[in-house]
Amino acid sequence: MDLAKYAALFVSESREHLQACNQLLLAWERDPEATAPVEGLFRAVHSLKGMAATMGFTPLAELAHRAENLLDAVRGGRLAVKPEHFELLFRSVDELEDGVSRATTGKGLRAEAASLVKALDAAVKRGERGAATRGAKGAKGAEAGEGAKGAESAKAPEGAKDAKDERPSLDVKITVRPDALLRGARALLALRKAEALGAVSRVTPQVSELEREDFDGRLAFRIRTGAAPSEVDAVIRSAGDIAGVAIDLASDEATVDATALRQIRIDLARLDVLMKLAGELVVARNRLVELARGSTDPELVQVGERISRLVGAVQAEVLEARLTPVREVFDRFPRVVRDLARDLGRQVRLEVEGGDIELDRAVLDEVADPLVHLVRNAIDHGIEPPRDRVKAGKTAEGRLRLSASRERNSVAIRVADDGRGIDRSKILAKAKADGLVDAAAETLADDQLLRILSRSGFSTAAVVSGVSGRGVGVDVVMTRIRQLGGAVELVTEAGQGTAFVLRVPLTLAIVRSLLVQVGAERYVVPLNYVSETIEFSATPVTALGDREALVIREQPVPTVHLHRLLNIAGAATAGRRPVLVVQVGERRSALVVDALLGQQEIVVEPFDAPRGMPGWFSGATILADGAPALILDAAALV
Amino acid sequence: MGHTVLVCDDAIFMRTMIADILAAAGYEVIGEAETGAQAVQKYRELKPDLVTMDIVMPDMGGIDAVREICKDDPDAKVLMCSAMGQQALVVEAIQAGAKDFVVKPFQPSRVLEAVQRVLG
């Protein structure tokens with residue numbers, strides 16, 4: 001049998017198991033009496049062992065086997081779990097993770113693995129000897145008591161821990177009345193009601209789909225509950241506007257596998273190629289539509305329209321296939337936070353919200369690193385050591401919130417801590433010394449602060465927190481997010497904490513944009529940042545500080561005359577020129593252009609700005625008529 | 001005595017209308033708020049049995065207000081008042097802890113049905 005063709009599958013599935021292991025270990029560490037995490041860990045490590053052995057990766061299988069032994073001893077009540085066991089297991093998971101990557105390149109485990117194997121063995125032996133002297137009474141069973149609360153079972157009613165697994169699973173299908181308003185929201189209410197009865201899984205469609213206006217009113221999920229089907233039915237109907245509820249006892253795992261077969265795994269690279277092709281198709285479609293518009297041949301016009309619709313559908317499907325819940329990235333953080341907090345002597349409680357929000361895989365991949373930077377900063381520079389916090393009248397445990405939310409065409413990811421905040425006066429002094437701000441400036445607004453922090457080379461480490469050595473890396477975050485066509489926002493308050501908001505587009509590849517003309521040049525402005533278009537002459541002009549501003553619904557919005565900014569000669573001087581109001585977060589600015597040329601879907605091309613080029617552009621594209629154009633960076637203009 | 005209600009909406013028109021519908025059915029409107037921040041503050045003061053909450057309001061929107069209120073009191077009974085086409089926002093509000101919703105333009109019978117469901 002040729003094993004090589006299973007290697008990719010082995011790697012991806014092993015990583016999923018190990019990711020789960022990290023989550024389960026964290027849950028278990030929080031509540032060492034819980035049994036659900038131990039069971040889950042045992043199963044995951046066991047599966048990994050089997051796969052590794054099948055692939056012929058013996059050292060990897062061996063390490064998994066030893067970890068499994070330890071888990072089995074705990075599970076069987078032969079070993080009372082201690083903090084050092086968690087440490088050992090965390091290290092094992094790391095080693096297994098590393099080993100999985102190395103195994104496929106033909107390498108064995110690192111040298112550390114051998115000592116880990118010994119330590120695992122020793123821990124099991126020590127524990128079993130201890131258990132033997134204490135008598136046959138299991139170390140675990142007796143004391144587990146009512147506090148058993150596994151990670152996944154947090155919502156389950158208080159039933160005994162063993163009974164929990166015996167509760168029957170019900171497959172539930174709900175139909176919302178067709179004449180009901182906001183059917184998706186109604187379906188979600190029903191789901192929430194059901195969640196009060198037991199552990200819900202396999203929700204189809206995903207909760208994020210319920211936001212769609214074309215949701216068809218049908219929702220299915222599985223629930224593990226002690227409640228009778230009639231009870232479940234009644235509770236769901238209490239959400240109102242429910243046309244029908246069908247409840248079946250879930251059949252066993254066999255059927256589960258049958259449904260799983262309907263999904264296949266696709267290599268990400270293949271999706272990338274598909275996406276690129278769909279993008280090129282869009283450009284070609286745009287060209288075709290332009291040609292058809294100038295033609296009198298009705299058949300050409302008809303075919304043009306049909307192709308246009310089909311390309312739109314293909315594009316939407318490919319995009320959909322690439323959407324990935326941000327949970328995939330968020331799930332790394334409990335472990336990252338735990339390790340960092342331990343290393344830096346902080347106490348940190350991580351709160352995660354919005355893991356269901358979906359983003360294009362490519363965007364998500366790009367966001368991951370900046371997020372790690374920000375989380376690291378929050379713990380290193382933001383959250384104070386427990387003693388300082390208590391002295392400042394705060395809880396010893398700091399709070400770190402990681403959340404995602406959907407905003408029109410973008411997703412906002414927030415990293416917020418309740419730490420000491422960024423010291424404005426120190427930054428201001430340093431910025432003055434470096435000549436970055438006016439010597440007369442008395443304070444720095446949040447956006448100024450962000451701009452200064454994100455200058456590469458601005459030495460912040462010593463200034464911000466007294467922790468020297470590592471730079472803060474805000475510039476790295478800023479650059480990466482801006483390259484995505486996103487924006488960064490900073491809010492900080494002394495003593496209260498700091499929040500960074502990363503706004504990124506849902507997808508990278510295809511962007512709905514407005515084409516504008518300035519002088520003889522054409523530029524592209526991504527539509528997700530355009531909040532409205534108005535006319536210059538029709539709007540009262542005022543002054544905002546030393547800048548010109550337009551009064552839009554009683555709010556002054558500073559103007560940017562693009563022909564001046566971009567130094568373009570021959571621009572129209574006066575008259576009824578169009579204005580684009582762009583908005584990034586709370587900040588707005590009114591871009592004055594010479595003409596609006598219409599909307600176009602553009603494919604963003606990788607863009608390496610020549611050195612010295614002003615930072616007003618985030619990328620480039622090829623327009624429908626084949627000419628290249630630069631994409632204006634909204635975030636740089638507000 | 002009827003259940004107590006806090007009505008939150010930035011438009012006096014809507015507040016009056018909701019209050020009238022509820023009062024006619026025997027509920028006691030004990031407070032009104034015109035911003036999200038006010039809603040949170042008044043909830044703390046008045047501890048009403050039910051809150052009706054508009055989604056779009058100045059100075060903290062309805063969704064953030066629900067989040068705040070439910071943080072203080074996970075059992076808070078908040079009924080969202082939304083317009084057509086705000087499905088995504090209502091979904092967000094429910095995830096934030098809202099217990100039900102009604103859609104404008106209001107039909108009194110629909111509002112009362114929802115109120116009864118929430119007060120269960």
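Calculation notes
Every residue gets a number counted from 1 within its own chain, in the order that chain's sequence is written. A letter from A marks each chain and a number from 1 marks each ligand, given out in the order of writing. Only residues with pLDDT of at least 70 get local features here, since the model is predicted, and only at 80 or more are side-chain atom pairs given and counted; chain-wide, interface and lining totals rely on the full set of residues. A pair of strands is considered paired only if DSSP assigns at least 2 bridges between the two. In DSSP terms, a helix is any run of H or I states spanning at least four residues, a strand is any run of E spanning at least two, and both are numbered starting from the N terminus. Working convention: axes come from line fits to C-alpha atoms, limited for helices to the stretch in contact. Angles between N-to-C directions cover 0 to 180 degrees. By the criterion used throughout, residues are in contact when their C-beta atoms, derived from the backbone, lie within 7 Å. Per-residue confidence from the predictor is given as pLDDT, running between 0 and 100. Partly exposed residues are those whose C-beta has more than 12 but fewer than 20 other C-beta atoms within 10 Å; with 20 or more the residue is buried, with 12 or fewer it is exposed, and the C-beta atoms are placed from the backbone.

Chemist: Hey, could you go over the sheet that holds strand β6 (residues 348-353) of chain A for me, with residue numbers and the actual values?
Modeler: All names here are of chain A. What the five strands build is an open sheet, ordered β6-β8-β9-β11-β10; its pairing is mixed. The open sheet terminates on both sides in strands that have one partner only, identified here as β6 and β10 (487-493). Between one strand and the next, the sheet's axes are offset by a mean angle of 10°, whatever the strand orientation. Sheet analysis places strand β8 (residues 398-407) next to strand β9 (residues 410-417), joined by eight bridges and oriented antiparallel. Its bridge partner being in β9, leucine 400 is matched across the sheet by aspartate 417. Here helix α14 (residues 361-382) sits on the sheet and contacts β6, β8, β9 and β11 (497-505); the angle it forms with β11, its principal contact strand, is near 175°. The strands touched by helix α19 (residues 474-483) within the sheet are β10 and β11, with β10 carrying the most contacts at an inclination of about 145°.

Chemist: How would you explain the confidence of the model for chain A if you had to name every residue and give the values?
Modeler: All names here are of chain A. Of all residues in chain A, 86% attain a pLDDT of 70 or more, and the chain-wide mean is 80. Note on residues 135-165: pLDDT is under 50 here. Beyond four places in sequence and across chains, it has 45 contacts. Counted against residues more than four places away or in other chains, residues 460-471, with its pLDDT under 50, gives 20 contacts.

Chemist: If you had to explain unusual backbone geometry to someone new, which residues and values would you point to?
Modeler: One can expect most non-glycine residues to show negative phi and most peptide bonds to be in trans. Residues and elements named next belong to chain A. Residue proline 205 is reached from threonine 204 by a cis peptide bond, and omega for that bond is -10°. Mapped onto the fold, proline 205 is located in the loop between β2 (198-204) and β3 (218-225). One non-glycine residue, arginine 202, lies in positive phi territory at about 50°. The phi torsion at aspartate 241 lies on the positive side, around 55°, for a residue other than glycine. Residue class for aspartate 241 comes out buried when judged on the 22 C-beta atoms lying within 10 Å of it.

Chemist: Can you explain the pairing of strand β22 (residues 628-632) of chain A? Please cite residues and give values.
Modeler: On any regular strand, side chains alternate: one points to one face of the sheet, the next to the other face. All names here are of chain A. Strand direction decides the pairing type here: strand β13 (residues 521-526) and β22, joined by two bridges, are parallel. The residue bridging valine 524 from the neighbouring strand is isoleucine 631, located in β22. As judged from the five bridges shared by strand β21 (residues 617-622) and β22, these two strands associate in the antiparallel manner. Within β22, the position partnered with glycine 619 by the bridge is isoleucine 631. Connecting β21 to the next strand, β22, in antiparallel fashion are five residues, including glycine 626 with a positive phi near 90°.

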